[in-house]
Amino acid sequence: MPASDTLHNTSETAQSDFDKVIEFRRDELLLRPPGHPDRSFSLNNLAISLRDRFKLHGSLSDLDEAIELHRAALLLRPPVILVQRGILSDLDEAIDLHRAALILRPPGHSHRSTSLSNLANSLADRFEQQGVPSDLDEAIEHHRAALILRPLGHSLRSDSLQNLANSLADRFEQQGCLSDLDEAIELHRAALVIRPPGHSLRSDSLNDLAISLYCRFEQRGVLSDLDEAIELHRAALFIRAPGHSDRSMSLNNLAGSLQDRFRQQGVMSDLDEVIELHRAAVALYPPDHSDRCASLNNLALSLRDRFMRRADLSDIDEAIELHRAALALYTHGRSHRSAFLNNLALSLQDRFKLHGALSDLDEAIELHRAALLLRPPDHSDRSASLDNLAISLRDRFQQRGIPSDLDEAFRLYFQLSDSSHAASRGDLIAAKSWITSAEKLNHESALLAYQTALKFLDQHVAILSSSSRHFSIVREATSTLATDAFSCSVRHGAMMTAVELVEQGRAVFWTQLARFRTPLDELSASSDTGAALEEEFKRLSFRLRNVFDQSTEDQSAQIRQLTMQWDDVVSRIRMLPDFSRFLLPPLFPDLQKAADDGPVIIVNASQHSCDALIILSAQDPVHIPLDITLTEASELSSEFQSLAEEFGVSDHQHELANILRQLWDSVVNPVVQALRESKVPPGSHIWWCPTAEFTLLPLHAAGPYEKKKDNLSHLYISSYTPTLATLIRARQHVSRDASPQHFVAVGQANPDRGRELRCVAPELVVVAQHITPVASFTSLADNDATVQGALDALSGNQWLHLACHGMPNREQAFESSFAMRDGPLMIKDIVRSDWGNPEFAFLSACHTTVGDEKSPDESIHLAAAMQFSGFRSVIGSMWSVDDEVARQMVSAFYANLVDGSGRLDCTRAAVALHKAVKSLRKKKIPLEQQIVFIHIGV
């Protein structure tokens, strides 16, 4: 007999059984007239049977009668109410009834936990419908109370654990408090423990825990969370064997997590498994199933990903056929149709690039046009459609040379510049694509494209958290954006714009901390109105980030609504006194203040040109074209980095001097000549602001290194600054009061890892000798120099000397650290700390200005972490420091820092270092050790 017939007969049998039970319940009720002590039970039993038949048959008359019978039972005892139709008035009434039931079940009542749970679930349902935060907060409190009443061993404890976890996860989605998500994960773990193998709900717990871990991975980027989520999804899938109603869901969940790991790590076996999982999911959906088109689309996208890696034509051919099949099946309106059109078009473009068939490109263009029509100006994916259509038109122009294709492509890109909403990563990628096309074709819109991209960058960074994962997302999306924008501005003769744009696009992570977090703190402290606006801004930013990260088409309406609310709160903040420039990048007149105490020289390396720009306090920037290409600068930097790794191992004086001469000839000497022409007198203090490859080169030490010729250090006192804004902030906050000054020296000669440092103790003695007469001095060494000990000491002292091992991490820059007795004091620890009013830090350790080798412009290194945490003046090292040389340098430095005023002044640090280096030249100290320390800040 066919399976369908069997299912039909089973259904008929069940229907007949329900009819008999209901008739029996009706007869029972007649035997329990009004006044009978058990009438409420008969009313409730009949209601439940009618409700069960409704679930099977779907007759609303059964549901209506069940509700009336429950109401009648309610008059006699606390209720059990079921809301099936989604009518909010029913849900409101259910909540009121559950509240009444809870009153009738006071503390100590045997069924109180049931009423608490019922009320919490109904409140959570209403939150899902209406989004009122107080409903969710109350639901969480009732779930907590129910959980207390269901201790270990209670039959419903796992339900309470799961309900509370899900509500906390919902609140995290709304408010972004990671402690809610962390607690949800622990509750899901606890539920899983008491749902052992064989438990009917174990797969649900596995799935929910996996989803929460994946969510935390999205926030923090910790791969172990993603790995665990994958294993949990595997376990859930194993339980949900063929024939299980949730098997397709588990196939898709596992595929999605593996896809993310592939994107993180690029392991092809993950992608191969993703494809097989999607194939299995497609096989579960019959031809007329509503979810089949989405499953076909997922499989096609995975095949396209594999084609991008392996260039196997069969993958892209199959992807195209699957996309066509998905598009043909889709009949649910326009919400997903634009995505299906777009995906098919992209696959056709990919095949065109491999095969060169113009028919594929022509079809792709028409499909992109159709997708764009379905994405109006307020659509979250409109920028992607504009970009995709523009690229395909550009490609066709390059094939056929028809000017109208190129004109249309740039008209599409111009639409990006009109956007004013909170930008997504997709907006940023589209603007960057515009830049690529404009530069490639030498189009006049190039500078506008850069300005648009950097505007999007600012808006996008404002929404992101300060996690290293979100920093990585922006870093990948921007790459050389700022340095190329600088070059484009210079080529257009717009020197002030060049300064503004390079400032916008560099040190993105620090910019977020400094330019966005600090104003929010000030906003919160300004007034009750400011505090309310700060909370609203943070909540909307978090919710926008979440929907942007999900990047699904059906989020479009929610993104539109949130964007309008985000724009509105930003506008209201800008109406407050002193907040008119909130989230807006600084203009040149503001940035020019960086040069108040001396010129700042931006040295920029771009694929298009290498240039220097001198910022002076009272005149326009001075441009110096540099006679070096990006490739040459990169080669020089690589040569120097290789040499620096050998410092201390063997003598490399000759090779080092040769590099410093090349640096002098191609970069520094032209700047020196321009400084002289600008009447900057010898002996002046100058600040270097290098970008890209120049950040890794010792500009301060450049010179001809010939007798009777001056090196740079003979002419000017050099300092560095990562950005102009950081230098300005440091100047604004320099302490001028007469309050007591507190100095702490932290020394760790015997860390948990690394060789012993022989001169740390003598170095701390030298520091104490110079500092004790003028400031309150504390020393922290050996067993006291722990991670927490150092953080505690720093919170109460404005001045710091740190003598220990510096441990750079060139690949995971946030993991760079100072070696303490019990472990590493990392950049992320420093950034999270709450400092008092820090002034100065001398980092007597190796490699403290060495950052991420892939993103030198982000300045993610130990010295920058100290500066951006508030230290206005920092001394750090560019490579390995000899222990004995460090002691001598420290002694000479503090001897020059402390003057007759009786107070420490961090603005004297650059001069003190300059004089200390000069004194060391008279001794037989290797050149690389003479120039290893640099000064950053005021």
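One can find the structure itself at the top, above this paragraph.
Being a predicted model, the structure only gives us computed values, none of them experimental.

Colleague: Explain the overall build of the protein to me, please; I cannot follow it from the model alone.
Modeller: What the protein contains, in helices and strands, is 38 helices and 14 strands. Taken across its 938 residues, the protein has 54% of its residues classed as buried. Total accessible area on the protein stands at roughly 40100 Å², and carbon and sulfur atoms take up 51% of it.

Colleague: What am I meant to see in the side chain of Arg 396 here?
Modeller: Tracing the backbone shows Arg 396 in helix H17 (residues 382-400). Take Arg 396: its relative accessible area is 12%, and that puts it in the buried class. In terms of polar contacts, Arg 396 uses its side chain to reach the side chain of Asp 362, at 3.0 Å. With near-sequence residues (within four places) excluded, Arg 396 lies in contact with Leu 361, Asp 362, Ile 365, Arg 369, Gly 401 and Asp 405.

Colleague: Teacher, can you tell me more about helix H36 (residues 883-897) here?
Modeller: Owing to its 3.6 residues per turn, the α-helix brings residues three or four apart onto one side. The first and last C-alpha atoms of H36 sit 21 Å apart over 15 residues, in line with the 21 Å expected at 1.5 Å per residue. Restricting attention to buried positions, one finds in H36 the residues Asp 883, Val 885, Ala 886, Gln 888, Met 889, Val 890, Ala 892, Phe 893, Tyr 894 and Leu 897. One side-chain oxygen of the residue at the start of H36 lies 3.1 Å from the amide nitrogen of Glu 884, identifying that residue as Asp 882.

Colleague: Explain the nonpolar core to me, please; I cannot follow it from the model alone.
Modeller: Here is a general trend for soluble globular proteins: nonpolar side chains tend to be buried in one another's company. If you look at the biggest cluster of nonpolar residues, it comprises 135 residues, and the most contacted ones within it are Trp 688, Phe 818, Met 820, Phe 893 and Tyr 894. No other element matches the eleven residues that helix H29 (residues 653-677) contributes to this core. The next biggest cluster of nonpolar side chains, apart from the first, holds 37 residues, and it includes Leu 372, Phe 410, Tyr 450 and Leu 457.

Colleague: Would you mind showing me how to read the packing of aromatic side chains here?
Modeller: To describe a pair of aromatic rings, one takes the distance between the centres and the angle between the planes. Counting across every chain of the model gives 19 aromatic pairs. With centroids separated by 4.9 Å and ring planes inclined at 80°, the aromatic side chains of Phe 893 and Tyr 894 adopt a geometry described as edge-to-face. One exposure class covers both Phe 893 and Tyr 894, and it is buried. Joined through ring pairs, the aromatic side chains of Phe 743, Phe 777, Trp 799, Phe 840, Phe 842, Phe 893, Tyr 894 and Phe 933 make up one cluster. Positioned above the aromatic ring of Trp 687, the side-chain terminus of Arg 731 is 4.6 Å from the ring centre.

Colleague: Would you mind going over the packing of helix H13 (residues 292-310) against helix H14 (residues 313-329) with me for this structure?
Modeller: The geometry of a pair of packed helices is captured by two quantities: the angle between their axes and the separation between those axes. Contact geometry for H13 and H14: axes closest at 8 Å, N-to-C directions at 160°. When the axis of H13 is compared with that of H14, the two are roughly antiparallel. Crossing handedness for the pair H13 and H14: left-handed. From H13, Arg 292, Cys 293, Leu 296, Asn 297, Leu 299, Ala 300, Leu 301, Leu 303, Arg 304, Arg 306 and Phe 307 reach across to H14, where they touch Asp 315, Ile 316, Glu 318, Ala 319, Leu 322, His 323, Ala 325, Ala 326 and Leu 329.

Colleague: What is the right way to read the sheet that holds strand S10 (residues 817-820) from this model?
Modeller: Hydrogen bonds between backbone atoms are what pair the strands of a sheet, whose relative direction is either parallel or antiparallel. Strand order in this open sheet of three strands is S9-S10-S11, and the pairing throughout is antiparallel. Taken across any chain shown, the strands that pair with only one partner, and hence form the sheet edges, are strand S9 (806-807) and strand S11 (823-826). Sheet analysis places S10 next to S11, joined by four bridges and oriented antiparallel. When the bridges of S11 are listed, Ser 817 appears paired with Met 826.

Colleague: Please explain unusual backbone geometry as it appears in this structure.
Modeller: Trans is the common state for peptide bonds, and a negative phi is the common state for residues other than glycine. Positive phi outside glycine occurs at Asn 442, with the angle close to 55°. Relative to the elements of secondary structure, Asn 442 occurs in the loop between helix H19 (425-440) and helix H20 (446-463). A positive phi is found at Lys 679, a non-glycine position, where the angle reads about 65°.

Colleague: Help me out: how do you make sense of the environment of Cys 610 in this one?
Modeller: Its place among the elements puts Cys 610 in strand S2 (residues 610-615). Measuring from C-alpha to C-alpha, the distance between Cys 610 and Phe 486 comes to 9.6 Å, with 124 residues separating the pair along the chain. Setting aside residues no more than four positions away along its own chain, Cys 610 makes contact with Asn 604, Ala 605, Pro 625, Leu 626, Ile 628, Thr 629 and Leu 630.

Colleague: Whenever I open this one, the side chain of Ser 873 confuses me. Can you help?
Modeller: When you line up the elements, Ser 873 lands in strand S13 (residues 873-877). Discounting chain neighbours no more than four positions away, the residues touching Ser 873 are Glu 839, Phe 840, Ala 841, Cys 906, Ala 909, His 935, Ile 936 and Val 938.

Colleague: Explain helix H32 (residues 760-771) here, please?
Modeller: Taking 1.5 Å per residue as the helical rise, H32 with its twelve residues ought to reach 16 Å, and the 16 Å between its terminal C-alpha atoms agrees with that figure. Where H32 is concerned, the buried positions are Val 760, Glu 763, Leu 764, Val 766, Val 767, Ala 768 and Ile 771. At its buried positions, H32 is contacted by strand S6 (742-747), strand S7 (776-781), strand S8 (799-803), strand S12 (840-844) and H36.

Colleague: Explain the environment of Arg 310 to me, please; I cannot follow it from the model alone.
Modeller: Among the secondary structure elements, Arg 310 is positioned in helix H13. Measuring from C-alpha to C-alpha, the distance between Arg 310 and Met 268 comes to 9.7 Å, with 42 residues separating the pair along the chain. What Arg 310 contacts, discounting residues up to four positions off in sequence, is Met 268 and Asp 272. Side chain to side chain, Arg 310 and Asp 272 meet in a polar contact 3.2 Å long.

Rules behind the numbers
Residues numbered from 1 in each chain as written. Predicted model: local features only at pLDDT ≥ 70, side-chain atom pairs only at ≥ 80, totals over all residues. Heavy atoms only, no water. Helix = DSSP H or I, 4+ residues; strand = E, 2+ residues; numbered from the N terminus. Buried < 20%, exposed > 50% of the residue type's maximum accessible area, 1.4 Å probe, protein only. Areas by Shrake-Rupley, 256 points an atom, 1.4 Å probe, with all protein chains shown as cover. Polar contact = N/O pair within 3.5 Å; in protein donor to acceptor, adjacent residues only side chain to side chain. Contact = heavy atoms within 4.5 Å. Expected span 1.5 Å × (residues − 1). Core = buried A, V, L, I, M, F, W, Y, C linked by side-chain atoms within 4.5 Å. Phe/Tyr/Trp six-rings, centres within 6.5 Å; stacked < 30°, edge-to-face > 60°. Lys NZ or Arg CZ within 6 Å of the ring centre and 35° of its normal. Axes fitted to C-alpha atoms, helices over the stretch in contact; angles between N-to-C directions. Parallel < 35°, antiparallel > 145°, perpendicular 65-115°, else oblique. Left-handed = near helix turned anticlockwise from the far one by under 90°. Pairing = 2+ DSSP bridges.

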